[in-house]
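# Structural overview
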Amino acid sequence: MGIAALSEELRVELKKAKSPIKVTTLYPGYIRTEINEKVKNTPFIVDADTGCKAMVKAIESGKSECFVPGWPWAPIGFVLRRLPVSVLARLF
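Residues numbered from 1 in each chain as written. Predicted model: local features only at pLDDT ≥ 70, side-chain atom pairs only at ≥ 80, totals over all residues. Heavy atoms only, no water.

## Things to note about the overall build of the protein
Quick reminder of the rule: Only DSSP runs of H or I reaching four residues or more are called helices, and only runs of E reaching two or more are called strands; each is numbered from the N terminus. Here the globule rule reads 2.2 Å times residues to the power 0.38, and the radius of gyration is calculated from C-alpha atoms.
Looking only at helices and strands, one finds four helices and four strands in the protein. Element order for the protein, N to C, with α for helix and β for strand: α-β-β-β-α-β-α-α. For the protein, whose C-alpha radius of gyration is 15 Å, the value lies well above the compact-globule estimate of 12 Å for 92 residues. Across its three principal axes, the protein shows a C-alpha extent of roughly 45 × 35 × 20 Å.

## Some points on the layout of surface pockets
For clarity, the threshold we go by: The rule is simple: put a 1 Å grid over the protein atoms alone, call a set of points where a 1.4 Å probe fits but cannot get out a cavity, call an open set with protein on both sides within 12 Å along at least five of seven lines a pocket, and count a residue as lining if it has an atom within 4 Å of a point. Grid points are joined across faces, edges and corners, and a volume is the space filled by probe spheres set on the points.
Roughly 340 Å³ of internal volume is contained in the largest pocket. Residue lining of the largest pocket: Met1, Tyr27, Pro28, Gly29, Tyr30, Phe67, Trp73, Ile76, Gly77, Leu80, Arg81 and Phe92, and that is the complete set. Going through the elements one at a time, β1 (25-28) and α3 (70-82) are the ones with two or more residues in the lining of the largest pocket. With five residues, α3 is the largest single contributor of residues to the lining of the largest pocket.

## Some details on the pattern of salt bridges
Note the following rule: One side-chain nitrogen of Lys or Arg within 4 Å of one carboxyl oxygen of Asp or Glu is enough to make a salt bridge.
Under the definition given, this model contains four salt bridges. Where Lys16 meets Glu13, a salt bridge forms, and the shortest distance between an N and an O atom there is 3.4 Å. Highlighted residues: Lys16 and Glu13, both in helix α1 (residues 2-16), separated by three residues, approximately one helical turn. A salt bridge links Lys53 to Asp49, with the shortest nitrogen-to-oxygen separation between them at 3.2 Å. Taken together, the positions of Lys53 and Asp49, both in helix α2 (residues 48-61) and four residues apart, correspond to about one turn of that helix.

## Focus: the pairing of β1
Worth spelling out the cut-off: The rule is simple: take the accessible area with a 1.4 Å probe, protein chains only, and divide by the maximum for that residue type; under 20% is buried, over 50% is exposed, in between is partly exposed. Between any two strands, at least two bridges found by DSSP are needed for them to pair.
With burial as the criterion, only one face of β1 is covered, namely that bearing Thr25 and Tyr27; the residues Leu26 and Pro28 on the opposite face remain uncovered. Here four bridges tie β1 to strand β4 (residues 65-68), and the two strands are oriented parallel to one another. Following the sheet pairing, Pro28 is matched in β4 by Val68.

## Some points on unusual backbone geometry
At the junction of Val68 and Pro69, the peptide bond is cis and its omega measures out at -15° in the coordinates. Along the chain, Pro69 turns up in the loop between β4 and α3. Here Trp71 and Pro72 are connected by a cis peptide whose omega angle stands at 5°. With respect to the helices and strands, the residue Pro72 is situated in helix α3.

## Here we look at the side chain of Asn36
In plain terms, the rule: Note on contacts: a residue pair is in contact if any heavy atoms of the two residues lie within 4.5 Å.
Inspection of the secondary structure puts Asn36 in the loop between β2 (31-32) and β3 (46-47). If sequence neighbours within four positions are ignored, Asn36 has contacts with Ile31 and Ile45.

## Looking at the side chain of Ser7
As for its position among the elements, Ser7 is in helix α1. The residues touching Ser7, leaving out its near neighbours within four places in the chain, are Val23 and Thr25.

Listed below in structure tokens is the structure:
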């Protein structure tokens, strides 16, 4: 969340400066790469090509925040942000 907060601050500062630069915060789900190719239990994983295309599409959308891939990570992210800390502590 620290990097997300940093990107939010960058968005604000760039807007105040009337900069044409836009910042998109990407929240990636599981994307199959060499780093995680041997991991067995990765729900909702997508291949690298699909993940990369989703990231490019998200950045080009101009939205400030995007979950990649959108399904199911956008609804999961929405719920996780709103759960009480006590519930999160039991989940993780």
